[in-house]
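The chain contents come next:
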Amino acid sequence: MQRLLIPVLLLAGHARAANLVQPIARSLTATSSAAASSTLAPSASSPVASPAVSLPPVGSIPRDFSSQGLEELWSLVGPVEPPPFTTTREPPLPIPVPSAPPALYPTWYAPEPSNIFPDLSLPEGFLFGVATSAYQVEGATKMEGKGPTTWDWASRQPGFIQDNTTADVTDLHYYLYKEDAARAAAIGVTAHSFSISWARIYPFGVAGSPLNQQGLDHYSDVIDYHLSVGVDPVVTLFHWDTPLALIAYYGGFTSPQIVDDFVNYAKTVFQAYNGRVKTWYTFNEPSVSCNSVSQYPFNVSMAPGVNSSTAPYQCAYNLLRAHAGAVKAFREMGISGEIAYKNNDFVGTPWRSNSSEDTEAVERHAEFGIGLYANPIYINGDWPEIVKETLPESYLPRFTAEESADIKGSADFFAIDAYASEYVTAPASGIESCATDMSNPAWPACNSVMLYDSNAGWAVGPSPDPASESWLQATPQMLRGYLQQLHARWPTNKMYISEFGMTEPYESLRTEMYQITEDPTTTNYFMTYLGEALLAIHEDGIPLMGTFSWAMMDNAEWNYGLEPKFGIQHVNYTTLERTYKRAAYALSEFFASHGVTNANSTTV
């Protein structure tokens, strides 16, 4: 998915030891607002040291929308690696798919994908999806009129990217999108969830600034080609890559000015692609992006009057209003299709079954995590009561009656980046003591996520590559309860698992030894989750209508760089050649045998 690491000089919660970095996301599915609030968003009394970075003070750069003004913004980023080629490559069709790999286990131990509940089929219209995001796969960072983004800038800051790589080239999906779409179709994929880079459409970000027609035309071609090979385009408007100009002008999502600029961008995209995109997302994992604004290196660019303690909540307020404004425009414009946003995190299970405090901690985890965004949208147009009781208005602005009315109901379905579910426990000092003490490091969410049980310390599930071990485990045994919790709290008529995935342990070492990547842990992850998803549909009544595997291919995993491998295809970063992994074959066989495939599939 998309996992995000924030380097800090503090190891706590989901902190990772290597280079003292801390993951927030997959994309940080397991890092909740609850956990993130306690370990990622420092209070005024617990400042976090970080390396020095340079960025002019917010508001000091003039709004010069000329080519010279754009170059001045790029000068904040520094030199950019050019791509090895600058034309869209046409793949020869059909895409050949090599023979499937041999079985890993005897069938009495692990059934073939086609034999996982073979009598249960997936609903008509179910989506066999894969997912990517613009920053992580596109490359071509400074090509064809694109403006710089926060991540183009952040990837150059001292100690921020674990392996010191950038996403300047990464998978070069910008020029290889036809090959990637065709390769997905060849294994039966029916949908690709990808994001549009705001800075490719509006290099300066703001309403009234020049529109980059090249960027608009590019994504039009991407959408058309996907449709031509039978892959539905699922479009996310914002996947963390804020135009750097908006940070320089007014502090990005910590400023209310972001609302009108985002709605302007959304309306432009809606109008351009209306009728060709059936499913839209406004934002990806808002709790992750809002928690990051108070962290290194993004914390040098907050709006006036906002500090590291209040920034995540000011961001949440502005982001929800931007989401509601975009959805209101979507409906008023008569745009066809459905729209929502992508949630992340989990509700959780009490770490100690006999502890009333752990039960309360789960509730706080849910309300400060998913509920911070889902309650206003799916329930009543307002923040969760626990959140309002804990956070003063100086931290978390309250919605007006008009804002509340716009936000409530501003989603047509529920989407969840469902990587794993974990245990939740109360802080050692107790919830009551924590909730009233702003200096408590666990304040305001006042809970902790546990990756092992309270009895003997057994891990919740098999571990991933060390690059993701601080937040990700395989927990298929929890998936049905996880989905039931979501549907009970925020019920809708349709649900998507908008991302799920695993990093194969030490894959980067094995790919140096073998021609084809073997990924048994990842393959088992997908098959066990999908088996449980089948049961959730047929036995629990969960209205699940699609799953999206993260990721279509290996990519730039945010602060981790190119080291962790979430892809169902291996990418050779010297040649950019893609190679299907074992998991790709397993997914192809599972979906085809359960009633979902692409007519362009060439699997054997």
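See the structure shown above.
Residues numbered from 1 in each chain as written. Predicted model: local features only at pLDDT ≥ 70, side-chain atom pairs only at ≥ 80, totals over all residues. Heavy atoms only, no water.

> How should I be thinking about the sheet that holds strand E8 (residues 349–350) in this particular structure?
Sheet strands pair via backbone hydrogen bonds, and the direction of the pair is either parallel or antiparallel. What the three strands build is an open sheet, ordered E8-E10-E11; its pairing is mixed. In this open sheet, the two strands that pair with only one neighbour each are E8 and strand E11 (448–450). Of the pairings in the sheet, the one linking E8 to strand E10 (residues 423–425) comprises two bridges and is parallel in character. Across the sheet, the residue bridging to Pro350 is Val424, located in E10. Contacting E8, E10 and E11, helix H12 (residues 356–368) crosses the sheet at an angle of about 110° to E10. (Pairing = 2+ DSSP bridges. Helix = DSSP H or I, 4+ residues; strand = E, 2+ residues; numbered from the N terminus. Contact = heavy atoms within 4.5 Å. Axes fitted to C-alpha atoms, helices over the stretch in contact; angles between N-to-C directions.)

> Can you walk me through the state of the cysteines in this structure?
Simply put, the disulfide is a covalent bond whose two ends are the sulfur atoms of two cysteines. For the structure shown, the criterion picks out two disulfides. For Cys290, the disulfide goes to Cys315, at an S-S distance of 2.1 Å. Given an S-S torsion of about -70°, the disulfide between Cys290 and Cys315 has left-handed geometry. Within this pair, whereas Cys290 is found in helix H10 (residues 286–292), its partner Cys315 is found in helix H11 (residues 311–332), the two being separated by 25 residues in sequence. Both residues of the pair, Cys290 and Cys315, belong to the buried class. (Disulfide = S-S within 2.5 Å. Buried < 20%, exposed > 50% of the residue type's maximum accessible area, 1.4 Å probe, protein only.)

> Got a minute to help me understand helix H7 (residues 213–228) in this structure?
Residues spaced three or four apart along an α-helix point in a common direction, a consequence of the helix completing one turn every 3.6 residues. Taking 1.5 Å of rise per residue, the 16 residues of H7 would be expected to cover 22 Å, and the 22 Å separating its terminal C-alpha atoms lies within 8% of that figure. Every buried residue belonging to H7 is among Gly215, Leu216, His218, Tyr219, Ser220, Val222, Ile223, Tyr225 and His226, and all of these are buried. Buried residues along H7 sit in contact with helix H3 (134–137), helix H5 (173–186), strand E4 (191–195), helix H6 (198–201), strand E5 (232–238) and helix H9 (258–273). Positive phi appears at Gly230, one or two residues downstream of H7, with a value of about 80°. (Expected span 1.5 Å × (residues − 1).)

> Help me out: how do you make sense of the packing of aromatic side chains in this one?
One pair of aromatic rings is described through two measures. These are the centre distance and the angle between the planes. Taken as a whole, this structure holds 47 aromatic pairs when the rule is applied. Both rings, one in Phe238 and one in Phe253, keep their centres 5.1 Å apart while their planes meet at 55°; by these two values the pair is tilted. Linking Phe238 in strand E5 with Phe253 in the loop between helix H8 (244–250) and H9, this pair joins segments that are 15 residues apart in sequence. Judged by relative accessible area, which is 6%, Phe253 ranks as buried. Linked through ring pairs, Tyr135, Trp151, Phe160, Trp240, Tyr296, Phe298 and Trp558 together constitute an aromatic cluster. Stacked on the ring of Tyr580, the Lys or Arg Arg183 has its end atom at 4.1 Å from the ring centre. Sitting over the face of the ring of Tyr281, Lys342 holds its NZ or CZ atom 5.9 Å from the ring centroid. (Phe/Tyr/Trp six-rings, centres within 6.5 Å; stacked < 30°, edge-to-face > 60°. Lys NZ or Arg CZ within 6 Å of the ring centre and 35° of its normal.)

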